[in-house]
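Each chain, letter by letter, is given below.
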Amino acid sequence: FTASALVLSPNSSEVALVRHLKLGKWLQPGGHADGNPDLKSVAKREVWEETGLGELRDQSPDIFDLDIHRIPQHEQTAEHLHYDVRYCFVSQTTELASNGESLDIKWVPRSAIAHYTKEASILRLIQKTQSKRPGIRSYLAAGTSA
């Protein structure tokens with residue numbers, strides 16, 4: 001299992017993205033749960049480690065999104081699947097700080113996300129922030145695919 005988060009700027013106009021060190025892609029911050037069953041705390045820890053953003057407010061009390069995606073083989077790690085539980089937070093600050101886990105980190109206007117990534121699951125996250133029913137529970141109740 002992995003946990004990640006879409007982090008919105010204080011005014012919700014931008015999203016914090018990191019350029020993944022191994023994949024070279026712009027993604028939302030996140031990482032492996034390493035056995036921790038509290039996936040929301042894992043997501044918050046990963047956001048802090050990768051972006052320096054520690055003051056986060058829940059955009060939704062629920063799991064925001066679920067995604068299963070294939071991770072290609074890298075050095076000694078075989079190809080595998082990530083079962084990613086995703087949350088949405090609003091940062092209380094815009095001050096970003098890299099810890100060297102990523103190639104780059106930046107605030108990206110929500111309207112410009114498609115210039116940074118074509119990943120359908122990330123574009124889906126952005127679309128969900130514009131929905132009147134952003135939490136996963138609302139989507140499942142409506143019969144909509146997460």
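The rules we used
Residues numbered from 1 in each chain as written. Predicted model: local features only at pLDDT ≥ 70, side-chain atom pairs only at ≥ 80, totals over all residues. Heavy atoms only, no water. Helix = DSSP H or I, 4+ residues; strand = E, 2+ residues; numbered from the N terminus. Buried < 20%, exposed > 50% of the residue type's maximum accessible area, 1.4 Å probe, protein only. Contact = heavy atoms within 4.5 Å. Polar contact = N/O pair within 3.5 Å; in protein donor to acceptor, adjacent residues only side chain to side chain. Expected span 1.5 Å × (residues − 1). Arc of directions from axis to C-beta. Salt bridge = Lys/Arg side-chain N within 4 Å of Asp/Glu carboxyl O. pLDDT = per-residue confidence, 0-100. Phe/Tyr/Trp six-rings, centres within 6.5 Å; stacked < 30°, edge-to-face > 60°. Lys NZ or Arg CZ within 6 Å of the ring centre and 35° of its normal.

1. Details of the overall build of the chain
Right, on to step 1. Tallying secondary structure elements over the chain gives 3 helices and 8 strands in all.
Right, on to step 2. Here the chain holds 146 residues, and 42% of them are scored as buried.
Right, on to step 3. In the chain, of all internal contacts separated by at least 6 residues, the share reaching a separation of at least 24 is 65%.

2. Thoughts on the environment of asparagine 36
Right, on to step 1. Among the secondary structure elements, asparagine 36 is positioned in the loop between strand 4 (30–32) and helix 1 (39–51).
Right, on to step 2. When the C-alpha atoms of asparagine 36 and threonine 2 are compared, they prove to be 9.8 Å apart, with 34 residues separating the residues in sequence.
Right, on to step 3. Beyond its immediate sequence surroundings of up to four residues, asparagine 36 is in contact with Ser41 and Val42.
Right, on to step 4. In this structure the side chain of asparagine 36 is engaged in a polar contact, spanning 2.8 Å, whose partner is the backbone nitrogen of aspartate 38.

3. A look at helix 1
Since the α-helix turns once every 3.6 residues, residues separated by three or four places project in the same direction.
Right, on to step 1. In this model helix 1 runs 18 Å from its N-terminal to its C-terminal C-alpha over 13 residues, within 8% of the 18 Å that 1.5 Å per residue would give.
Right, on to step 2. Burial in helix 1 covers these residues: Leu39, Lys40, Val42, Ala43, Glu46, Val47, Glu50 and Thr51. Angularly, the buried residues of helix 1 cover 155 degrees about the axis, an arc narrow enough to put them on a single face.
Right, on to step 3. Phi for glycine 52, located one or two positions after helix 1, is positive at around 80 degrees.

4. Notes on the pattern of salt bridges
Right, on to step 1. Evaluation of the coordinates by the stated rule reveals 12 salt bridges.
Right, on to step 2. Between lysine 44 and aspartate 58 there is a salt bridge, with the nearest N and O atoms lying 3.8 Å from each other. Placement of the pair is lysine 44 in helix 1 and aspartate 58 in strand 5 (residues 56–58), with a sequence separation of 14 residues.
Right, on to step 3. Judged by its relative accessible area of 29%, aspartate 58 is partly exposed.
Right, on to step 4. Residue glutamate 46 pairs with arginine 45 through a salt bridge whose shortest N-O separation is 3.0 Å.

5. Regarding the confidence of the model for the chain
Right, on to step 1. On average, residues of the chain score 88 in pLDDT, and 90% of them are at 70 or above.
Right, on to step 2. pLDDT under 50 marks residues 138–146. Its contacts with residues more than four places away, or in other chains, come to 13 contacts.

6. Re the packing of aromatic side chains
Geometrically, a pair of aromatic rings is defined through the distance of the ring centres and the angle of the planes.
Right, on to step 1. All told, the structure shown has 3 aromatic pairs when counted by the stated rule.
Right, on to step 2. Ring plane angle 90 degrees and centroid distance 5.5 Å describe the contact between tryptophan 26 and tyrosine 116, whose orientation is recorded as edge-to-face. Here tryptophan 26 is found in strand 3 (residues 26–27), whereas its partner tyrosine 116 is found in the loop between strand 8 (102–109) and helix 2 (120–129), with 90 residues between them in sequence.
Right, on to step 3. Among the residues examined, tryptophan 26 registers a relative accessible area of 12% and is labelled buried.
Right, on to step 4. Judged by centre distance (6.3 Å) and plane angle (5 degrees), the ring pair of tyrosine 87 and phenylalanine 89 falls under stacked.
Right, on to step 5. Under the relative-accessibility criterion, tyrosine 87 is labelled buried at 7%.
Right, on to step 6. Using a relative accessible area of 0% as the deciding quantity, one classes phenylalanine 89 as buried.
Right, on to step 7. A cation sits over an aromatic face here: lysine 128 above phenylalanine 64, 5.9 Å from the ring centre.

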